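# Fold and contact review
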Amino acid sequence: MGFIVGVVIGLLVGIAIIIGFVKLENSRSKLRSELANTVAAFARMTVEDSRKLLPPEFYPSWVVFSERQKLRLILVVALAFYLLQLTWLNHHLTKIWPYVDEAASELIKASVEPVLEQYRPAIVASLTFSKLTLGTVAPQFTGVSIIDGDKNGMTMELDMQWDGNPNIVLGVKTLVGVSLPIQVKNIGFTGVFRLIFRPLVEDFPCFGAVSVSLREKKKLDFTLKVVGGDISAIPGLSEAIEETIRDAVEDSITWPVRKVIPIIPGDYSDLELKPVGMLEVKLVQAKNLTNKDLVGKSDPFAKMFIRPLREKTKRSKTINNDLNPIWNEHFEFVVEDASTQHLVVRIYDDEGVQASELIGCAQIRLCELEPGKVKDVWLKLVKDLEIQRDTKNRGEVHLELLYVPYGSGNGIVNPFVTSSMTSLERVLKNDTTDEENASSRKRKDVIVRGVLSVTVISAEEIPIQDLMGKADPYVVLSMKKSGAKSKTRVVNDSLNPVWNQTFDFVVEDGLHDMLVLEVWDHDTFGKDYIGRCILTLTRVIMEEEYKDWYPLDESKTGKLQLHLKWMAQSIYRDS
């Protein structure tokens, strides 16, 4: 009897569960249907529909929207509604990942292979994809933010993390004819993708195109393995392939490079990556560099770049056996986004045939530069730009920077003018008549020649040199290229001397010369070195006249007050 009762109860419970499950599924199906209808209705909604839902008479008195602001509001609300629900986004991305894998694999192969070929190492004859699938593990979005400030569009940034299991095999053929299948394994990636919805339009989805770019690459780790072999059998191959992959990532999708995806048919060529200006950099000097050599001193040289690509990286000459090198070298860099890009400087110790050793690095944001104005900076060197807490003194590097935007129309000379002059020389060229007639005359290069007038006004906080707690300072002035020298009188028993002496120097090439001021302590039977200042002439050529204080290098204390004046006399040489 008990068995029969148990069976009946079990059947009733089972039927109840089945009924409940069916009702639940019907309810979820109804909700999905309603959501689909809502999304479909939203897709059909126009700007006029949004005005009907929220008429202007219901706006607060302080709210006044332009047509473009209304479009932005609709777009922000839509993006926030869907993308801020990261759990929902990640869940559905996992579901559709197999289809994304199938579509994206071919797209990546077609777009990245030409870049791999472009950066192919010299020891490799060909480099292609043998296999490429993204695997079964979908990336996860961990954060989302909307950046305001663009009147004609909307910018969104998505934090993404991917520890995937892709199947990527590179077909590598060496110069000696050996073919090697190299597998890219254990990929770990963390970064921030930038999506720019632009331009805003009145038709749904309220934007004409979306630009996709990797704004920040926080981590990109992977390992290389020869299928059925050892990659270390060919010395240098692993490092060369790894550098090629990183260059390909940098050049194909890393900001400011972007992929423009049209949503509504139209011409979006203005969204493509274009140069916006030229950065003129003068590598002046460095001081107090860390010594990397056990015998003697380091042999420093510098590498500089805005985008870390081999052909866009500039290298200075090597200064042998010197921890306070003076380069006075000039370089030009193309700027593609002055608001987000940086200039990076790395100082190395040249080890000859061996790999160079990093002494330190520094960077400066281009948005800190005022267009058309020379900026003179000393940058503190650190071990790693990603590590903020670096207390070790690795030295400093001295740069002179000038950013010249293209087509500025604000008095800065257009650098697109066909000429062999640098942008800095073009800025300094003020002969508009010659520029207008440049197409009908033989091209000429400008030599910035003139007279430099230097007034050594005073000094303060000169370090004590004598037993009596005083010093007898004087200043020796010299031009780096011409070797012309002058010196002030000696001011006895003073740590804050006043000279007010003026010296004139005829300068033949102002853009590439330097003024060196050395402070000495006069003694009866000799002299003692105190410190020095090294100045380029760019600022005084640009501003014509200025007065400023300069700290003494190689001295714990002390600074010089100088007044500089430039009287230009430009001449030209045929080229």
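Residues numbered from 1 in each chain as written. Predicted model: local features only at pLDDT ≥ 70, side-chain atom pairs only at ≥ 80, totals over all residues. Heavy atoms only, no water.

- An unreviewed UniProt entry lists the chain under the name Synaptotagmin-like mitochondrial-lipid-binding domain, from Arabidopsis suecica.
- In its Sequence similarities (unreviewed entry) section, the UniProt record describing the chain reads: "Belongs to the synaptotagmin family."
- Check the Function (unreviewed entry) section of the UniProt entry for the chain; it says "May be involved in membrane trafficking." (UniProt positions renumbered as here; feature names shortened; annotations may be inferred.)

### A short note on the side chain of Glu280
- Looking at the element boundaries, Glu280 is found in strand E8 (residues 277–287).
- Of the polar contacts made by the side chain of Glu280, one reaches the side chain of His330; its length is 2.7 Å. (Helix = DSSP H or I, 4+ residues; strand = E, 2+ residues; numbered from the N terminus. Polar contact = N/O pair within 3.5 Å; in protein donor to acceptor, adjacent residues only side chain to side chain.)

### What to know about the layout of surface pockets
- Put simply, the second largest pocket is a space of about 1,700 Å³.
- For the second largest pocket, the lining is made up of 41 residues, of which Lys217, Glu250, Phe305, Pro308 and Arg346 are closest to its centre.
- Counting residues per element, the ones that place at least two in the lining of the second largest pocket are strand E6 (207–226), helix H5 (237–252), strand E9 (300–305), strand E12 (342–349) and strand E13 (357–365).
- In terms of residue class, the lining of the second largest pocket is built from 14 nonpolar, 7 polar and 20 charged. (1 Å grid on protein atoms, 1.4 Å probe; cavity = no way out; pocket = protein on both sides within 12 Å on 5 of 7 lines; lining within 4 Å. Points joined across faces, edges and corners; volume = space filled by probe spheres on them. Nonpolar A, V, L, I, M, F, W, Y, C, P; charged D, E, K, R; others polar.)

### Details of the sheet that holds strand E22 (residues 526–536)
- Ordered by their spatial adjacency, 4 strands build an open sheet running E19-E18-E21-E22, and the pairing between neighbours is antiparallel. The sheet terminates laterally at strand E19 (485–487) and E22, the two strands that pair on one side only. Averaged over all adjacent pairs, the angle separating strand axes in this sheet is 20°, with direction ignored.
- Across 10 bridges, the pairing between strand E21 (residues 514–523) and E22 is antiparallel. Of the residues in E22, the one forming a bridge with Val516 is Ile534. (Pairing = 2+ DSSP bridges. Axes fitted to C-alpha atoms, helices over the stretch in contact; angles between N-to-C directions.)

### Section: the sheet that holds E13
- Taken in spatial order, the 4 strands make up an open sheet running E10-E9-E12-E13, and their pairing is antiparallel. Because the sheet does not close on itself, it has two edges, and the strands there are strand E10 (314–315) and E13.
- By the bridge criterion, 2 bridges tie E9 to E10 in an arrangement that is antiparallel. Within the sheet, the bridge partner assigned to Lys303 lies in E10 and is Arg315.

### Quick notes on the packing of helix H4 (residues 86–118) against H5
- Between H4 and H5, the shortest axis-to-axis distance is 9 Å and the interhelical angle comes to 125°. As the angle between them shows, H4 and H5 are arranged oblique. Here H4 and H5 pass one another in a crossing that is right-handed. Listed contacts from H5 to Val115, Leu116 and Gln118 of H4 are Thr244, Ala248, Asp251 and Ser252.
- In terms of residue class, the contact of H4 with H5 is built from 3 nonpolar, 3 polar and 1 charged. (Parallel < 35°, antiparallel > 145°, perpendicular 65-115°, else oblique. Left-handed = near helix turned anticlockwise from the far one by under 90°. Contact = heavy atoms within 4.5 Å.)

### A word on the environment of Lys287
- In this structure, Lys287 sits in strand E8.
- Distance in space between the C-alpha atoms of Lys287 and Arg394 is 9.2 Å, their sequence separation being 107 residues.
- The contact partners of Lys287, leaving out residues within four places of it in the chain, are Leu323, Asn324, Trp378, Gly395, Glu396 and Asp553.

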